[in-house]
Structure formats: structure tokens, C-alpha cells
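Report on the structure
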Amino acid sequence: MDLTYTPAEEDFRRELRSWLQANIPQEWGRPGFWESLGEDESFRVRRDWERDKALAGFAGISWPTEYGGRGGTPGMKAIYDEETVRANAPRTVNALGLTFLAPTVMAIGSDAQKKEIIGPLLRNEVIWCQGFSEPGAGSDLAAISTRGVRDGDHFVVNGQKVWTTNAVHGDKIFTMVRTEPGSQRHRGISMLLIDMHQPGVDARPLKQMSGASEFGEVFFDDARVPATDSLGDIGDGWRTAMLLLSFERGASGIAQYTEFRRQYDEIVGVARKLGRDRDPVVRDELARVLTELECLRLHAMHVLTQVEQGRDLGFEASMTKLQWSEAFQDLWEVYDQVLGEDATLDAVDGIDLRPLHAQAMWSRSVTIWGGSSQVQRNVTAERVLGLPR
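A quick note: this is a predicted structure, and the numbers were derived from the prediction, not measured.

1. Some details on the pattern of salt bridges
Summed over the entire model, instances satisfying the criterion amount to 30 salt bridges. Residues Asp 151 and Arg 224 are paired through a salt bridge, measuring 3.0 Å at the closest nitrogen-oxygen approach. Highlighted residues: Asp 151 in strand S2 (residues 147–151) and Arg 224 in strand S7 (residues 215–226), separated in sequence by 73 residues. Judged by its relative accessible area of 39%, Asp 151 falls in the partly exposed class. Between Arg 389 and Glu 382 there is a salt bridge whose closest N-O contact spans 3.6 Å. The structure contains a network of salt bridges with shared partners spanning Glu 10, Arg 13, Arg 17, Glu 82, Glu 83 and Arg 86.

2. Comments concerning the pairing of S2
Bridge count between S2 and strand S3 (residues 154–165): 5 bridges; the pairing is antiparallel. When the sheet's bridge partners are listed, Arg 147 is paired in S3 with Asn 158. With antiparallel pairing between neighbouring strands as the criterion, S2 and S3 make up a hairpin whose turn holds 2 residues, including Gly 152 at a positive phi of roughly 65°.

3. Let's talk about the domain arrangement of the protein
According to the domain assignment, the protein contains domain 1 (7–93), domain 2 (128–236) and domain 3 (249–384). A separation of 30 Å is found between the C-alpha centroids of domain 1 and domain 2. Each partner contributes residues to the interface: domain 1 has 6 residues there, and domain 2 has 7 residues. Summed over both sides, the interface of domain 1 with domain 2 buries roughly 500 Å², with 33% coming from carbon and sulfur. Contact with domain 2 buries area across many residues of domain 1, yet Glu 39, Phe 43 and Arg 47 alone supply 70% of it, more than any other trio. For the interface between domain 1 and domain 2, the tally reads 2 salt bridges. A salt bridge links Arg 91 to Glu 214; the nearest nitrogen and oxygen atoms lie 4.0 Å apart. Our count for the contact surface shared by domain 1 and domain 2 stands at 3 residue pairs in polar contact (both at pLDDT 80 or more).

4. Digging into the nonpolar core
Counting 31 residues, the largest nonpolar core has Leu 101, Trp 128, Phe 132, Phe 174, Met 176 and Met 191 as its most contacted members. At 7 residues, the largest contribution of residues to this core is made by helix H5 (residues 95–108). Here this core gathers at least three residues from each of two domains, domain 1 (7–93) and domain 2 (128–236). Not counting the four nearest positions on each side in its chain, Trp 128 is found in contact with Asn 94, Leu 96, Gly 97, Leu 101, Ile 117, Leu 121, Lys 172, Ile 173, Phe 174 and Leu 193. The next biggest cluster of nonpolar side chains, apart from the first, holds 28 residues, and it includes Tyr 257, Trp 332, Val 338 and Leu 353.

Calculation rules
- Residues numbered from 1 in each chain as written.
- Predicted model: local features only at pLDDT ≥ 70, side-chain atom pairs only at ≥ 80, totals over all residues.
- Heavy atoms only, no water.
- Salt bridge = Lys/Arg side-chain N within 4 Å of Asp/Glu carboxyl O.
- Helix = DSSP H or I, 4+ residues; strand = E, 2+ residues; numbered from the N terminus.
- Buried < 20%, exposed > 50% of the residue type's maximum accessible area, 1.4 Å probe, protein only.
- Pairing = 2+ DSSP bridges.
- Domains from an automatic or database assignment.
- Contact = heavy atoms within 4.5 Å.
- Buried area = accessible area lost by both parts, 1.4 Å probe.
- Polar contact = N/O pair within 3.5 Å; in protein donor to acceptor, adjacent residues only side chain to side chain.
- Core = buried A, V, L, I, M, F, W, Y, C linked by side-chain atoms within 4.5 Å.

Written as C-alpha cells, this is what we have:
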């Protein structure tokens with residue numbers, strides 16, 4: 001494991017840090033600022049800021065320069081993840097497109113798809129959604145039932161997707177569609193790229209218990225999609241999906257650790273203000289979760305080292321997802337212990353707890369989406385450790 005960065009990577013850190021300091025307004029860090037804007041306005045501000053960031057050369061850090069990226073190292077990407085969290089930069093509005101779709105298009109997309117998708121995505125001119133989950137196909141993605149029937153040079157698509165991030169703000173969606181009549185499980189599926197502004201596509205928000213509507217559901221009612229808008233070969237969508245999901249690897253744990261460590265400090269601050277930091281049980285729980293977070297940091301640096309050495313981690317990404325999601329959940333369970341019965345209140349002794357409550361509620365979801373912990377344990381057991389099914 002290498003815990004250091006190269007001089008060139010540290011130069012990049014200083015350059016990025018300077019740009020972030022000059023381009024993140026102070027008011028954005030004010031408690032309650034983003035909530036005061038409303039969801040649509042917040043999305044617009046974040047979208048514009050991220051476009052400016054891309055134009056300044058601070059997007060697509062590890063992408064090849066031919067696609068508008070910086071051509072940076074995995075270490076530079078890790079530094080980018082770390083510094084943007086430290087600067088309290090806005091969350092990306094195009095995460096699924098940037099993380100999954102663009103690298104897949106670079107790898108297997110047609111020349112036309114590379115030209116039409118990558119640049120506009122990087123500059124936030126087009127917001128992409130991911131249409132995988134369905135009411136009857138969550139972690140079991142092969143159970144999808146959304147269908148596309150060939151009609152000349154088009155597919156006519158009918159079905160429903162659910163838990164679609166940014167569905168109501170999305171311009172396009174990359175989605176799994178069963179295009180071979182009578183096919184089952186992994187066969188006969190295509191990855192179609194669908195315009196969400198056309199007739200026959202209806203995106204509806206889903207209200208979460210935190211009050212936010214980050215997710216939505218998407219209904220297809222005779223939506224027409226050109227057959228050329230298949231990413232990868234028609235009928236080979238499962239292979240495309242597995243390639244696409246493989247890009248969620250590398251140094252992702254570093255961003256999570258940086259964010260969780262800051263949240264840990266906020267929780268400790270609440271405990272001190274309320275005098276609960278003197279409770280020996282609370283202190284023991286805080287120490288336990290801090291140890292867990294430091295293990296996450298070391299694991300993230302180990303993964304980064306492997307990536308920089310050119311090793312394809314493949315299914316070991318399941319270990320990273322499992323570790324950060326459960327560490328995050330454990331952190332906010334300690335928060336509930338710190339507050340006790342006061343965890344049901346919006347404020348205690350003048351402390352506004354609403355932002356912390358929102359994080360605590362969000363933490364319940366992370367061991368489900370992106371592959372549940374049960375699925376990740378199965379993958380790790382079978383594909384990494386070689387245990388029997």
C-alpha cells in the first residue's frame with residue numbers, strides 16, 4: 001500500500017484547491033442554504049456550477065484528453081474526490097452519466113455515440129439517468145420486464161423503471177430493455193439510449209421520507225427509440241451492463257471516507273454541546289465507529305494503489321461498496337445513540353438537527369441501492385474468495 005501522492009499530483013491538489021476556494025461562494029456553506037432554494041433551483045445552480053468547473057478543466061480528471069478530460073492519474077482523481085468534499089462543493093447532478101455511461105461509451109460506443117454523448121455530458125448540457133430497477137426487478141436485474149418491439153429501424157418500448165435518480169430533471173436515460181421476444185434472464189436484453197423529452201416517456205417524482213424527491217419512476221408508453229441508439233450490440237445488453245457497472249471501482253472509498261469523517265466530527269460536536277460526550281457508552285461507540293472509518297481510509301488507499309499499478313479489481317469493488325455503506329450506516333446509528341429520545345426533534349438546546357436528520361435517514365438506503373449488502377457478500381464470497389454458491 002502506498003499512502004503518498006507524487007509531486008505532480010500534489011501540484012494538482014494545490015491548483016484544484018485554489019480554484020475551489022475562488023469559485024465556491026461563501027453562502028453555499030451556510031446551514032440551510034441549499035434547502036432554501038427548493039429542489040429545482042438547487043439543481044439548476046449545481047448544474048451551472050459544474051458546467052463552469054468542466055470548462056475550467058476540472059472535470060473528467062482521469063478521462064483521456066481526446067474526450068475533453070484532463071488525462072490525469074488515478075491519484076489525481078482521488079485527490080479531486082477528496083478536495084471537492086473538503087471544500088463542501090455541490091454534489092454532481094450528472095453522477096450516473098459521468099461514472100458509468102461515459103467510460104462505457106469510450107470503450108464500446110460507436111464513433112457517433114462518442115461524439116454525441118461524451119462532451120455534452122461532461123459539460124452538463126445533457127443530464128443522464130440510469131434505468132435499471134423495476135418494480136419486479138431490484139437487486140435481481142435479470143428479472144426486468146420492460147420490452148422493446150422492433151418496428152423497422154426503431155424499437156417501441158413499453159414498461160416501467162423505478163428508483164431512477166434525477167428522473168424529473170433527466171434529458172436522456174440509458175436503460176435495460178428486453179428486445180428479444182420470449183427471452184429470459186440475462187439473454188435478449190439491450191442497453192437502449194432514450195430521449196426522455198419525447199412522447200411516450202413520463203417521469204414522476206417519488207417523495208422520500210426526508211422530504212426530498214431525488215428519485216423518480218419512469219413510464220414508457222410506446223416510446224420510439226432508433227435501433228442505432230443501442231449501446232453495444234442489440235441483445236447483448238447484459239454484457240454492456242456488466243461493463244458499465246465495473247467502472248464503479250478504484251478510489252471511490254476516498255471520497256466517502258472524507259465525507260464521513262467530516263460528518264463524524266459534526267456528531268462529536270453535537271455530543272459535546274449536549275454534554276453527552278462524557279457518557280462512557282457513547283464514547284466507546286464513537287471510538288468504535290472512528291476505528292471503522294480509519295479502516296475504510298486504509299482500504300481505499302490499498303485499492304488506489306492496486307489501480308495505479310494497473311490491476312483490474314473487478315469483483316473486488318463489491319468489498320469496497322460493502323465496507324463504505326456499512327461504515328456510513330454505523331456512523332449514523334451512533335448519532336441516534338448520542339441523541340437518544342431527542343433524535344425525534346428538529347432542534348435541541350438551540351442546535352438545528354434537521355440537516356443531520358436528513359443524513360441519518362439517507363444512511364438507511366445505502367445498503368440497498370447499488371447492490372444490497374446481501375448481494376455484495378454473495379459476490380465477494382463467490383467471485384473473490386472462491387467459495388461455493
